[in-house]
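Spelled out from the first residue to the last, the chains are:
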Amino acid sequence: MGREEKSEETNQCDKCGRSDTETTWIYACDACNKEIDTRKTYLEASVHRRSDVSANRYYFDEWKCYVKWLSKFKPPKGMWFMSLPYVQKNELETYKSYIRFKK
Ligand SMILES: [Zn+2]
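Residues numbered from 1 in each chain as written. Predicted model: local features only at pLDDT ≥ 70, side-chain atom pairs only at ≥ 80, totals over all residues. Heavy atoms only, no water.

### Comments concerning the side chain of E91
We count it as follows: Only DSSP runs of H or I covering at least 4 residues are called helices, and only runs of E covering at least 2 are called strands; the numbering of each starts at the N terminus. When accessible area is computed with a 1.4 Å probe and restricted to protein chains, residues below 20% of their type maximum are described as buried, those above 50% as exposed, and intermediate ones as partly exposed. Positive charges are assigned to Lys and Arg, negative charges to Asp and Glu, while His and the chain termini are left out of the count. Criterion for a salt bridge: a side-chain nitrogen of Lys or Arg within 4 Å of a carboxyl oxygen of Asp or Glu. Residues count as neighbours in contact if any of their non-hydrogen atoms are within 4.5 Å of one another.
With respect to the helices and strands, the residue E91 is situated in the loop between strand 6 (79-83) and helix 2 (92-98). Here E91 occupies a buried position and makes no salt bridge, while the nearest side chain of opposite charge, K40, is found at 11 Å. Apart from residues no more than four positions distant in its own chain, E91 is found in contact with T41, L43, W63 and Y86.

### Let's talk about the coordination of the zinc ion
Cut-off, in case you're wondering: Ligating atoms shown are N, O and S within 2.8 Å of the metal, or 3.2 Å for Na, K and Ca, and water is not included, meaning a site may look less than complete. Irregular is the default label, applied whenever a site is not tetrahedral (four donors, all angles between 85 and 135 degrees) and neither square planar nor octahedral (four or six donors, opposite donors over 155 degrees apart, all other angles between 65 and 115).
Taken together, C29 (SG), C32 (SG), D61 (OD) and C65 (SG) make up the full set of protein donors to the zinc ion, lying 2.1 to 2.3 Å away. Each of the four donor atoms bound to the zinc ion contributes to angles spanning 93 to 129°, and the resulting shape is tetrahedral. Of note, the zinc ion draws all its donor residues from one chain, in the sequence arrangement C-x2-C-x28-D-x3-C. Of the two residues, C29 sits in the loop between strand 2 (19-28) and strand 3 (35-36) while C65 sits in helix 1 (residues 63-72), which places them 36 residues apart along the sequence. Both residues of the pair, C29 and C65, belong to the buried class.

Written out as C-alpha coordinates, the structure is:
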(Lines give C-alpha, C1' and ligand atoms only; values in the text may rest on other atoms or scores of the structure.)
Protein backbone atom coordinates (compact mmCIF):
# COMPACT_ATOMS: atom_id res chain seq x y z
CA MET A 1 0.00 0.00 0.00
CA GLY A 2 2.84 2.37 0.87
CA ARG A 3 4.21 2.31 -2.62
CA GLU A 4 4.21 5.13 -5.13
CA GLU A 5 5.56 5.51 -8.58
CA LYS A 6 8.49 7.90 -8.50
CA SER A 7 9.47 8.22 -12.09
CA GLU A 8 9.10 6.52 -15.37
CA GLU A 9 11.93 6.52 -17.81
CA THR A 10 11.54 5.49 -21.39
CA ASN A 11 14.63 4.39 -23.22
CA GLN A 12 14.49 4.11 -26.94
CA CYS A 13 17.02 2.18 -28.96
CA ASP A 14 18.69 4.33 -31.63
CA LYS A 15 19.06 1.39 -33.96
CA CYS A 16 15.81 -0.53 -33.85
CA GLY A 17 13.53 2.12 -32.34
CA ARG A 18 12.21 -0.26 -29.71
CA SER A 19 11.45 1.44 -26.44
CA ASP A 20 11.40 0.07 -22.99
CA THR A 21 10.03 1.72 -19.89
CA GLU A 22 11.71 1.61 -16.53
CA THR A 23 9.72 2.50 -13.45
CA THR A 24 11.26 3.53 -10.16
CA TRP A 25 9.17 3.01 -7.05
CA ILE A 26 9.42 4.67 -3.71
CA TYR A 27 8.26 2.88 -0.62
CA ALA A 28 6.91 4.56 2.47
CA CYS A 29 6.33 2.95 5.83
CA ASP A 30 2.61 2.20 6.28
CA ALA A 31 2.84 3.20 9.94
CA CYS A 32 5.03 6.32 10.09
CA ASN A 33 5.08 7.35 6.40
CA LYS A 34 8.87 7.69 6.35
CA GLU A 35 10.49 6.80 3.07
CA ILE A 36 12.03 3.33 3.16
CA ASP A 37 15.56 2.76 1.97
CA THR A 38 15.06 -0.42 -0.03
CA ARG A 39 18.80 -1.08 -0.10
CA LYS A 40 18.43 -1.96 3.57
CA THR A 41 16.21 -4.62 5.09
CA TYR A 42 12.58 -3.66 5.35
CA LEU A 43 9.48 -5.53 6.42
CA GLU A 44 6.61 -6.54 4.23
CA ALA A 45 3.23 -7.98 5.17
CA SER A 46 0.56 -9.01 2.71
CA VAL A 47 -3.17 -9.47 3.08
CA HIS A 48 -4.84 -12.04 0.87
CA ARG A 49 -8.42 -12.69 -0.14
CA ARG A 50 -9.80 -15.96 -1.43
CA SER A 51 -11.45 -14.21 -4.35
CA ASP A 52 -8.36 -12.31 -5.45
CA VAL A 53 -5.04 -13.59 -6.76
CA SER A 54 -3.23 -10.36 -5.95
CA ALA A 55 -2.61 -9.28 -2.38
CA ASN A 56 -2.47 -5.95 -0.60
CA ARG A 57 1.11 -5.38 0.43
CA TYR A 58 2.23 -3.23 3.34
CA TYR A 59 5.75 -2.00 4.01
CA PHE A 60 7.50 -1.07 7.25
CA ASP A 61 10.91 0.26 8.13
CA GLU A 62 11.09 -1.42 11.52
CA TRP A 63 9.32 -3.91 13.80
CA LYS A 64 8.06 -1.13 16.06
CA CYS A 65 6.13 0.30 13.10
CA TYR A 66 4.76 -3.09 12.07
CA VAL A 67 3.49 -3.79 15.59
CA LYS A 68 1.89 -0.34 15.78
CA TRP A 69 0.17 -0.87 12.41
CA LEU A 70 -0.97 -4.40 13.32
CA SER A 71 -2.55 -3.26 16.57
CA LYS A 72 -4.84 -0.96 14.56
CA PHE A 73 -5.36 -3.27 11.59
CA LYS A 74 -8.96 -4.10 10.75
CA PRO A 75 -9.41 -7.08 8.43
CA PRO A 76 -10.88 -6.02 5.10
CA LYS A 77 -14.03 -7.72 3.84
CA GLY A 78 -13.23 -11.14 2.46
CA MET A 79 -9.80 -11.39 4.07
CA TRP A 80 -8.41 -14.92 3.99
CA PHE A 81 -4.99 -14.65 5.64
CA MET A 82 -2.09 -12.34 6.28
CA SER A 83 1.52 -13.22 5.65
CA LEU A 84 3.83 -11.78 8.28
CA PRO A 85 7.18 -10.14 7.58
CA TYR A 86 10.17 -12.45 7.35
CA VAL A 87 12.43 -12.43 10.37
CA GLN A 88 16.07 -11.98 9.42
CA LYS A 89 18.60 -13.67 11.68
CA ASN A 90 20.02 -10.36 12.90
CA GLU A 91 16.51 -9.17 13.81
CA LEU A 92 15.47 -12.23 15.77
CA GLU A 93 16.09 -10.66 19.17
CA THR A 94 14.19 -7.50 18.21
CA TYR A 95 11.31 -9.63 16.96
CA LYS A 96 11.23 -11.68 20.17
CA SER A 97 11.11 -8.51 22.22
CA TYR A 98 7.85 -7.61 20.49
CA ILE A 99 6.22 -11.00 20.94
CA ARG A 100 4.90 -12.04 24.30
CA PHE A 101 5.31 -15.72 24.95
CA LYS A 102 2.88 -17.45 27.28
CA LYS A 103 4.32 -19.98 29.67
ZN1 LIG B 1 7.89 3.37 10.13
